[in-house]
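Letter by letter, the chains look like this.
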Amino acid sequence: MSLVTTYNQVQEAAAYIQSRTSHQPEIGLILGSGLGVLSNLVENPTTIAYEDIPHFPKSTVEGHAGELLIGTIRGRTVMLMKGRFHIYEGYGPELTAFPVRVMKAVGVKQLLVTNAAGGINTAYHAGDLMLISDHLNLTARNPLIGPNDEQFGVRFPDMSEAYSKRLRAIAKEVAARHSFTFQEGVYVGLLGPNYETPAEIRMMRTLGADAVGMSTVSEVIVARHAGLEVLGISCISNMAAGILDQPLSHEEVMETAEQVKEQFLGLVLDIIPAM
Ligand code: HPA
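Analysis parameters
- Residues numbered from 1 in each chain as written.
- Predicted model: local features only at pLDDT ≥ 70, side-chain atom pairs only at ≥ 80, totals over all residues.
- Heavy atoms only, no water.
- UniProt positions renumbered as here; feature names shortened; annotations may be inferred.
- Helix = DSSP H or I, 4+ residues; strand = E, 2+ residues; numbered from the N terminus.
- Buried < 20%, exposed > 50% of the residue type's maximum accessible area, 1.4 Å probe, protein only.
- Polar contact = N/O pair within 3.5 Å; in protein donor to acceptor, adjacent residues only side chain to side chain.
- Contact = heavy atoms within 4.5 Å.
- Pairing = 2+ DSSP bridges.
- Near = heavy atom within 4 Å.
- Areas by Shrake-Rupley, 256 points an atom, 1.4 Å probe, with all protein chains shown as cover.
- Nonpolar A, V, L, I, M, F, W, Y, C, P; charged D, E, K, R; others polar.
- Salt bridge = Lys/Arg side-chain N within 4 Å of Asp/Glu carboxyl O.

- As recorded in an unreviewed UniProt entry, the protein goes by Purine nucleoside phosphorylase and comes from Paenibacillus agilis.
- For the record of the protein, the UniProt heading Catalytic activity (unreviewed entry) holds the text "a purine 2'-deoxy-D-ribonucleoside + phosphate = a purine nucleobase + 2-deoxy-alpha-D-ribose 1-phosphate".
- Regarding the protein, the UniProt comment filed under Pathway (unreviewed entry) reads as follows: "Purine metabolism; purine nucleoside salvage."

Spelled out as structure tokens, the structure:
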């Protein structure tokens, strides 16, 4: 396989998906670790295993299923990724964002990305939900490296409003009707797969990050390249390394996601029809 995703590959993946469903998706959803529960709420879903879709990578991490669901949520037609691809799995960043290009090719206009993230801001608590206001790409990788195909987007995409102001305003308005804390902050994306050292967390706090994770930034770069409007929500699944006197684990991330799933679902279900 060549390093760079071709327009034909994306078209083939999109054509396959369209051959399997009569739904016409408008909103793309990417669910992070432990947040796959939203997929249960898709009505009349067409479910497609990633492995059946031409050129799609396969997901390898526990807690990240590999299925695409296309159906409706509160009257909007969505294409939902249950499980995403991470650079730490060994995929190039352009491959982790391949599904975003496929979303665009099937007609999606807006992307809602979610993830589990470690809280860097010391005012945060495990279990908080955070609206992503912006991100820092500290993966030292970029999904747009290589010759630029103008059919995907421009060579030098603008990132000054990576996370749509309009969608953020809607998310905040919706969250205000719920009783939980809705933080707003900057997400820093790292490669992983190890959790950070306390020194790295102090550095990232100094750099302006509020939460840290190992996903999202490649997807959002490709989404903006494709002209999709993006909204991002993090579940603060743990406080980042060195803040509390305790080690970090994937089990804790999954447990916290499980505990906040009702709040997360309530929020996302109310945001989707308002997007
Ligand atoms: N660091 C990086 N990624 C994460 C974390 C963290 O603390 N929690 C969940 N994803």
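1. Things to note about the side chain of Thr96
Right, on to step 1. For Thr96, the position within the fold is in helix 2 (residues 93–96).
Right, on to step 2. With relative accessibility at 3%, the residue Thr96 sits in the buried group.
Right, on to step 3. Among the polar contacts listed, one links the side chain of Thr96 to the backbone oxygen of Pro93, at a separation of 2.7 Å.
Right, on to step 4. Ignoring any residue separated from it by four or fewer positions in sequence, one finds Thr96 in contact with Phe85, His86, Ile87, Tyr91, Ser218 and Glu219.

2. Section: the pairing of strand 4 (residues 76–82)
Right, on to step 1. Burial runs high along strand 4: 6 of the 7 residues are buried.
Right, on to step 2. With 5 bridges joining them, strand 1 (residues 27–31) and strand 4 adopt parallel strand pairing. When the sheet's bridge partners are listed, Ile27 is paired in strand 4 with Val78.
Right, on to step 3. The sheet contact formed by strand 3 (residues 67–73) and strand 4 spans 7 bridges and is antiparallel. Of the residues in strand 4, the one forming a bridge with Glu67 is Lys82.
Right, on to step 4. The antiparallel hairpin formed by strand 3 and strand 4 contains 2 residues in its connecting segment, where Arg74 sits at a positive phi of about 45 degrees.

3. Concerning the site of the ligand
Right, on to step 1. Lining the immediate surroundings of the ligand are Ala116, Ala117, Gly118, Tyr195, Glu196, Val212, Gly213, Met214, Ser237, Asn238, Leu248 and Val253.
Right, on to step 2. Ala116 has a polar backbone atom sitting 3.3 Å from a nitrogen atom of the ligand.
Right, on to step 3. The backbone of Gly118 places a nitrogen or oxygen atom 3.3 Å from a nitrogen atom of the ligand.
Right, on to step 4. The fraction of the free accessible surface of the ligand (260 Å²) that becomes covered by protein chains is 95%.
Right, on to step 5. Of all the elements in the fold, those that place two or more residues in the shell around the ligand are strand 5 (110–119), strand 8 (211–213) and strand 9 (229–239).
Right, on to step 6. By residue number, the principal contributor to the shell around the ligand is strand 5, which donates 3 residues.
Right, on to step 7. Across the shell around the ligand, the residue classes tally to 7 nonpolar, 4 polar and 1 charged.

4. Details of the environment of Asn121
Right, on to step 1. In this fold, Asn121 is placed in the loop between strand 5 and strand 6 (129–137).
Right, on to step 2. Given the relative accessible area of 22%, Asn121 is considered partly exposed.
Right, on to step 3. On a C-alpha basis, the gap between Asn121 and Tyr7 in space is 40 Å, while along the polypeptide they are 114 residues apart.
Right, on to step 4. Discounting residues that sit within four places of it in the chain, Asn121 has contacts with Asp210 and Met239.

5. Looking at the UniProt feature "binding site: a purine D-ribonucleoside" (unreviewed entry) in the protein
Right, on to step 1. UniProt records the feature "binding site: a purine D-ribonucleoside" (unreviewed entry) for Glu196 and Asn238 in the present numbering. Spatial clustering of the annotated residues is evident: they stretch over 43 residues in sequence, but the largest pairwise C-alpha distance comes to 12.4 Å.
Right, on to step 2. Secondary-structure assignment places Glu196 in the loop between strand 7 (182–189) and helix 5 (198–206).
Right, on to step 3. The class for Glu196 is buried, based on a relative accessible area of 9%.
Right, on to step 4. When neighbours within four sequence positions are excluded, Glu196 is seen to be in contact with Leu190, Ile201, Met204, Val212 and Ala241.
Right, on to step 5. Residue placement: Asn238 occurs in strand 9.
Right, on to step 6. Judged by its relative accessible area of 3%, Asn238 falls in the buried class.

6. Some thoughts on the pattern of salt bridges
Right, on to step 1. Applying the stated criterion across every chain, the model contains 7 salt bridges.
Right, on to step 2. Ionic pairing is found between Glu26 and Arg76, a salt bridge with its closest N-O pair at 3.2 Å. With Glu26 in the loop between helix 1 (7–20) and strand 1 and Arg76 in strand 4, this residue pair connects regions lying 50 residues apart in the sequence.
Right, on to step 3. With a relative accessible area of 28%, Glu26 lands in the partly exposed category.
Right, on to step 4. Judged by relative accessible area, which is 16%, Arg76 ranks as buried.
Right, on to step 5. In this structure, Glu258 engages Lys261 in a salt bridge whose closest nitrogen and oxygen atoms are separated by 3.0 Å.
Right, on to step 6. Within this structure, Arg168, Lys172 and Glu184 form a network of salt bridges that share partners.

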